[in-house]
Every structure is written in C-alpha cells, then in structure tokens.
Amino acid sequence: MPGGRLTAQERQQIALGLADGLAYAEIARRLDRPTSTITREVMRNGGPTAYRADLAHRATEHRARRRRKAAPRDPGTPPQADGRDAEAVREYEETFTTVFMQSGLPKMTARVLACLYTTDSGCLTAAELAGRLRISPASVSKAIAFLESQGLIRRERDERRRERYVVDDDVMYQSTMASARATAHLSEVARQGVGILGPGTPAAERLENIARFVDFVSESIARAADQAREILHSKPGPETPSDGTT
C-alpha cells in the first residue's frame, strides 16, 4: 500500500470518484489507500459536494510550508498522551474542525470546540486554548461566547479559581435538546402565519404543513435524545466480532 502524501493525480481521481457518487471506501480501494485517508482528505477540503482537487493540493502544500516555518514546540507543552502520533492527532483535529464548520460554526469557533473535544480532560482554560491553537485571547473569548450561547460548552472554576471551559458527558444532550426546542419554536411561528394569511389559502396550507413536519421532527429529536442519554454516561464495551462470535 503506498505511503506518503496524496499526489495531485490521486486528488484528481478522488474528485472524479466523488462526481461519480462513489463511496469513500471504493475510492480508497481504487487508489490503494486507507479509507480514513480519503475521508480526511475530503472533509478537510470542502466536503464531498465542494471538493476540488487543485484547491486541495494547493492547500496541502500551503500547510506543509507553514509547518516548516512554524516555531519549535514549546518545551513546556506536554507530549501526546498514550503514545499518540502528534501529526495524526493534529490532522484529526483539522478534520473534526471541518465537520463543525460544515454544520454552520465559524472557523475559529469550530477550532476551539474540536480542541476541547479531543482533550482527555474535556476542559481547558482560555490561556490553554490560546496556547494550543496559537490564537489570541480575544479570539478565544469570542468563540467561547458563541459556543456557550448555543449550549455547546459550559464553564466552571477550578481550585485556583480559573475559569475552565468544559465539554462533558451531558453537554451534547443539552445541546440537542436546545436544538429541539429551537425547532419547536419554528413550528409555533409557522402556525401564527396560518391565521394571518387565512386558513385554506395556499400560503397558510404551506405553513401548516411546515408546522406539522417540524412538530414531528422536534418531538422525535427530544424523544431520541432522552432514550439515548445513558449512552453518554456509559463506557464502550468490548467490540463484538463481525461473525457474531464472542
């Protein structure tokens, strides 16, 4: 299996595969590459609908030049835990950031959230975030304010009275429930329009259908989140072999 970075020709093949609707696994098979390599390549360069081989290749070359010029690691920065590959971790954080951006988060906000999620402690101070991401305290503050307003993080004080920003087991549940409530609010607003535009009119019927659809979606989200909440507080068990044996 070939190693090293993807070539410009391989990126062209990825773009063609995406245009043909091929799955990442099939593209990887044709290139004799791991599926994770293709997934990471696509997600960090615009996603399956916006991937462009030439832009992806230039972006990769730019990142490589930037790394060569980057300052050496701060001696006070702890090494990666559990023998992790630092480069693989960094690339994964970029992929995670891209996914958050595709869900609507601004880039800096997505970087902060990805950094918190990939930290074993699940919490960092503003200074630690600024140091890890090499961004200004003002950028951290702006990102934190947005994440907190969306219920994606919470803050607490440690024994030294420093504020720490946390993504814990319950934050995802609370965020999902907040999304369900926001969706339900859309239903309420749509139904207000039914009376204003006149029951039985095409516009009112459209809004009523939207309201019914949104009601079903928001209730389903809330119900599923309640049923699955315990998953967030459990530890994964041993994997079951694909043949069903134990």
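Notes on the structure follow. Every value quoted in this text rests on a predicted model; they were computed, and no experiment measured them. (Residues numbered from 1 in each chain as written. Predicted model: local features only at pLDDT ≥ 70, side-chain atom pairs only at ≥ 80, totals over all residues. Heavy atoms only, no water.)

1. So, the nonpolar core
With 21 residues, the main nonpolar core has Val112, Leu113, Leu116, Leu129 and Ile153 as its most contacted residues. For this core, the secondary-structure elements that each account for two or more residues are α6 (107-117), α7 (126-133) and α8 (137-149). If you tally residues by element for this core, the top one is α6, at six residues. Sequence-distant contacts of leucine 113, that is, excluding residues within four places in its chain, are made with Phe100, Leu105, Leu147, Leu152, Ile153 and Val167. (Core = buried A, V, L, I, M, F, W, Y, C linked by side-chain atoms within 4.5 Å. Buried < 20%, exposed > 50% of the residue type's maximum accessible area, 1.4 Å probe, protein only. Helix = DSSP H or I, 4+ residues; strand = E, 2+ residues; numbered from the N terminus. Contact = heavy atoms within 4.5 Å.)

2. Quick notes on the pairing of strand β3 (residues 163-166)
Sheet topology note: the strand β1 (residues 123-125)/β3 ladder contains three bridges and is antiparallel. Note on β3: the bridge partner recorded for leucine 124 is tyrosine 165. Bridging between strand β2 (residues 154-157) and β3 involves four bridges; their strand directions are antiparallel. Paired with arginine 154 across the strands is valine 166, a residue of β3. The turn joining β2 and β3, which pair antiparallel and follow one another in sequence, is formed by five residues; a positive phi near 65° is taken by arginine 161. (Pairing = 2+ DSSP bridges.)

3. Things to note about the sheet that holds β3
The pairing of strands in a sheet happens through backbone hydrogen bonds and is either parallel or antiparallel. With antiparallel pairing, the three strands of this open sheet are ordered in space as β1-β3-β2. Strand pairing shows two members of the sheet lacking a second neighbour, β1 and β2, which therefore form its edges. Here the average twist between neighbouring strands, direction ignored, is 35°. Packing against the sheet, α7 makes contact with β1 and β3, and its axis sits at approximately 95° to β1. (Axes fitted to C-alpha atoms, helices over the stretch in contact; angles between N-to-C directions.)

4. A short note on the packing of aromatic side chains
Counted under the stated rule, the structure contains four aromatic pairs. For the pair phenylalanine 96 and phenylalanine 100, a centre-to-centre distance of 4.6 Å together with 25° between the ring planes defines the contact as stacked. You can see phenylalanine 96 and its partner phenylalanine 100 sitting in helix α5 (residues 86-102), four residues apart, about one turn around the helix. Overall, the relative accessible area of 13% leaves phenylalanine 100 in the buried class. Against the face of tyrosine 173 rests arginine 229, its NZ or CZ located 3.9 Å from the ring centre. (Phe/Tyr/Trp six-rings, centres within 6.5 Å; stacked < 30°, edge-to-face > 60°. Lys NZ or Arg CZ within 6 Å of the ring centre and 35° of its normal.)

5. Notes on the packing of α6 against α7
Axis separation between α6 and α7 bottoms out at 11 Å; the angle between their running directions is 105°. The angle between the axes of α6 and α7 places the two elements in the roughly perpendicular class. Between α6 and α7, the contacting residues are Arg111, Val112, Cys115 and Leu116 on the first element and Leu129, Arg132 and Leu133 on the second. (Parallel < 35°, antiparallel > 145°, perpendicular 65-115°, else oblique.)

6. Let's talk about unusual backbone geometry
In this model, arginine 134 sits at a positive phi of 55°, which is unusual for a non-glycine residue. By the secondary structure assignment, arginine 134 is in the loop between α7 and α8. Despite not being glycine, arginine 161 shows a phi value in the positive range, around 65°. Mapping arginine 161 onto the fold places it in the loop between β2 and β3. You can call arginine 161 exposed: its relative accessible area is 58%.

7. Re the environment of leucine 152
Structurally, leucine 152 can be placed in the loop between α8 and β2. Judged by its relative accessible area of 14%, leucine 152 is buried. For leucine 152 and alanine 178, which are 26 residues apart along the polypeptide, the C-alpha to C-alpha distance reads 9.6 Å. For leucine 152, the residues in contact, after removing those within four places along its chain, are Leu105, Leu113, Leu147, Val167, Val171 and Ser175.

8. Notes on the packing of helix α2 (residues 24-31) against helix α3 (residues 35-43)
Orientation of α2 relative to α3, taken along the N-to-C sense of each, is 115°, at an axis distance of 8 Å. Crossing hand, α2 versus α3: right-handed. In this structure, α2 uses Tyr24, Ala25, Ile27, Ala28 and Leu31 to contact α3, whose residues at the interface are Thr35, Ile38, Thr39, Val42 and Met43. Of the residues belonging to the contact of α2 with α3, the class tally is eight nonpolar, two polar and no charged. (Left-handed = near helix turned anticlockwise from the far one by under 90°. Nonpolar A, V, L, I, M, F, W, Y, C, P; charged D, E, K, R; others polar.)

9. A closer look at the environment of serine 121
Tracing the backbone shows serine 121 in the loop between α6 and β1. Residue class for serine 121 comes out partly exposed when judged on its relative accessible area of 47%. Within the local environment of serine 121, its side chain forms a polar contact with the backbone oxygen of cysteine 123, the two atoms lying 2.9 Å apart. (Polar contact = N/O pair within 3.5 Å; in protein donor to acceptor, adjacent residues only side chain to side chain.)

The values reported here are purely geometric and, on their own, carry no functional implication.
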